[in-house]
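# Examination of the molecular architecture
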There are 2 protein chains.
Amino acid sequence: MRMEPIVERVAERTGLPLNARTVERVLRALLGHHDFWEIVDAADEVVPIVAETIRVLDEQGWLRVEPHGIFLRESARETLEQEWGLRPLPDFRCLACEGRGIDPLRLPSEGIETFMAIQAERPRAIIDYDQGYITPESTLARFAFAFMRGDIQGRRVLILGDDDLVSVAICLMGAPQEVVVVEIDRRLVEFLEYWANHMRWPLTVHQLDLSQPLPVSFLRAFDTFLTDPPESIAAFRAFVGRGLAALRGPGSAGYFGLTRREASLFKWHQVQRYLIEQGAVLTDVIQNFHAYVNWDYAPKTRAWRLAPVKSLPDKPWYRSSLYRVELLTEAVGEVDTVFDVHTFNDAEASTT
Amino acid sequence: MRMEPIVERVAERTGLPLNARTVERVLRALLGHHDFWEIVDAADEVVPIVAETIRVLDEQGWLRVEPHGIFLRESARETLEQEWGLRPLPDFRCLACEGRGIDPLRLPSEGIETFMAIQAERPRAIIDYDQGYITPESTLARFAFAFMRGDIQGRRVLILGDDDLVSVAICLMGAPQEVVVVEIDRRLVEFLEYWANHMRWPLTVHQLDLSQPLPVSFLRAFDTFLTDPPESIAAFRAFVGRGLAALRGPGSAGYFGLTRREASLFKWHQVQRYLIEQGAVLTDVIQNFHAYVNWDYAPKTRAWRLAPVKSLPDKPWYRSSLYRVELLTEAVGEVDTVFDVHTFNDAEASTT
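Residues numbered from 1 in each chain as written. Chains lettered and ligands numbered in written order. Predicted model: local features only at pLDDT ≥ 70, side-chain atom pairs only at ≥ 80, totals over all residues. Heavy atoms only, no water.

## Section: the overall build of chain A
Across its full length, chain A holds 12 helices and nine strands. At 21 Å, chain A has a C-alpha radius of gyration in line with the 20 Å of a compact globule built from 352 residues. Judged by the C-alpha coordinates and their principal axes, chain A covers about 70 × 40 × 40 Å. Nonlocal contacts in chain A, meaning residues at least 24 apart in sequence, comprise 73% of its contacts between residues at least 6 apart. On chain A, roughly 12,800 Å² of surface is accessible, and the fraction owed to carbon and sulfur atoms is 50%. Each charge class in chain A can be summarised by its mean position, and for the 38 positive and 51 negative side chains these summaries are 3 Å apart. (Helix = DSSP H or I, 4+ residues; strand = E, 2+ residues; numbered from the N terminus. Rg over C-alpha atoms; globule rule 2.2 N^0.38 Å. Contact = heavy atoms within 4.5 Å. Areas by Shrake-Rupley, 256 points an atom, 1.4 Å probe, with all protein chains shown as cover. Lys, Arg positive; Asp, Glu negative; His and termini not counted. Charge placed at Lys NZ, Arg CZ, Asp CG, Glu CD.)

Structure below.
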């Protein structure tokens, strides 16, 4: 059983665009639901595609359409779960606001506790690498969101810079196929390697400066990337552009944070145009998704020098949005470009 | 006191792009906060712009910078509130999920109750106009979101099609300057006109078919538009494109819903490219923001004909995302184009 013939058959009969990820979303929905309307809802694909995919699967003997619902055959379920590694998607939508937000406290409590214990020992943020990490709750929320979107479990995941420790949350709770972190800071590399060995996680960590190209073996090799770049256009290309080049192709997904503290809406527009031109569609843009822990080096920053009143912030003020993009075509991204690190901060920046 | 000289001065000194809306966001933040970091957080503008705007306002005698914070002078506050009609922004972020979602139950309870009572008497959705309305909770959430973003209070608001009754929520709780609804369905026009007269709302309703151009007096006349179009590209241009043409210019905002039930990510990409090219930046894309009330005419739809199992949905399955865009330049949009209504449904559609 293979995915491509299903994709081709559905495309032929509906005349509509789709890719393997489309069919995968329908299959995942079928693992968790029997009612047609619930399947459409869970698949997040258009009705004619969902209906035709079910018809093709029926013809090939994968499922039974009965008066009271649609049921995967046991053999198909086994293939999907064991050979293809597909599981129904978990749900972490906030119960208080009808699912408009995401609530990381719906993650398994033992996972949350272990994550909190590990992150408590993390290296402190230092100014050398423009660090500044998000609250542990924000890291958990970012992980929960990507997990819920189907971008973690069974996936090859690349993390470009990980002072937020999202790799830890992924390895603890996300059942990834493999996680690769590239990180410039020796302290973080050692911290993550220690836990990877200690916990026998499928996690490898490479010390690497993202002004330089990624190893060639990383190109077109990952299903998902996550990153939180400095916010000049050059830094965006160095981090997100390299992330795009590392994605396998259609159906692969990327996540990044972008603030309005160091990036104006004018810069947002440039970033969005770049993504659209790379063949990526923006599936989610959620403002104020992450809050940052105030950093120790605040009085050394430009923000401090610009502040008309010199008092330290006493609660989180630096927040960023969460972007998710999904590729519809192979992205070019940034492969060979070497960037000058001095271009990683521009005139809108203030945290170094 | 005028906005433009402040914008020019800040632009000159920082060399950064900004517009009147940028300065307005800083002014609104100053109405509600005294701590510099809280002001940056509330303004959602980059630190150098916020700092320079405060410096210019200080030089012009609008505020006092003191060791314990930044304080608008009483005369400036009066001007802002009374002449300019600016108020601090309300906050409806969900308290359960750290503000990642929005919770309409934080709206004033008497407003919610009146809205629920009025909407209970609404005309039923009919297939003729591809109607299908969102749950009243979803309408309240959409309103709360736009209110919180500063796009309702004191604004001229255009609503293109209003079977969701968002105009009712706006007039009850949003203190708009004026609301204009264009709507094709005579029953809805009469319903809204009845309540506008009865409640003395600043609401006018025009019966209009959006395949036809808007009246010329609507062009470049509104601060905000809201719409929930059918989901072909032609319908998107007819509804959102006319909305863009009705906006005043930089800093004006548009809201619309887009599903994944009738619009694939391939169509999302086309829509996003159109918006970027129109000089609009996507500030928010929130999936599954709205849930729809199941419509009475379900068995007459293509979705029903496509469904492999003919059973009516027993809970909400049709959801849409909320998009917010903000103009950075004047948009061209759609001014004269007449659309064939038959192009309002495409091969991905299924609800008519």
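## Quick notes on the nonpolar core
If you look at the biggest cluster of nonpolar residues, it comprises 80 residues, and the most contacted ones within it are L158 and L275 of chain A together with L158, L244 and L275 of chain B. Those residues in contact with L158 of chain A that sit more than four places away from it in its chain are V180, V182, L214, F218, F222, T224, F225, L226 and A246 of chain A. (Core = buried A, V, L, I, M, F, W, Y, C linked by side-chain atoms within 4.5 Å. Buried < 20%, exposed > 50% of the residue type's maximum accessible area, 1.4 Å probe, protein only.)

## Here we look at empty space enclosed by the protein
One pass over the structure, following the stated rule, counts 13 cavities of 30 Å³ or more. Lining of the largest cavity is provided by W37 of chain A together with N294, W295, A298, T301, A303, W304, P313 and W317 of chain B. A class-by-class count of the residues in the lining of the largest cavity yields seven nonpolar, two polar and no charged. By volume, the second largest cavity is sized at about 70 Å³. Lining the second largest cavity we find N294, W295, A298, T301, A303, W304, P313 and W317 of chain A together with W37 of chain B. Counted by class, the lining of the second largest cavity contains seven nonpolar, two polar and no charged residues. (1 Å grid on protein atoms, 1.4 Å probe; cavity = no way out; pocket = protein on both sides within 12 Å on 5 of 7 lines; lining within 4 Å. Points joined across faces, edges and corners; volume = space filled by probe spheres on them. Nonpolar A, V, L, I, M, F, W, Y, C, P; charged D, E, K, R; others polar.)

## Notes on the interface of chain B and chain A
Contact residues are listed per partner, giving 82 residues for chain B and 82 residues for chain A. Carbon and sulfur atoms supply 61% of the area that chain B and chain A bury against each other, a total of about 7,000 Å² over both sides. The largest per-residue losses of area from chain B upon contact with chain A belong to W37, R100 and F266 of chain B, which jointly make up 13% of the total buried on that side. If you look at where chain B meets chain A, you find eight salt bridges. Per-element accounting of the side of chain B that touches chain A gives the leading share, 10 residues, to strand β8 (residues 280–291) of chain B. Residue composition of the side of chain B that touches chain A, grouped by class: 45 nonpolar, 13 polar and 24 charged. (Buried area = accessible area lost by both parts, 1.4 Å probe. Salt bridge = Lys/Arg side-chain N within 4 Å of Asp/Glu carboxyl O.)

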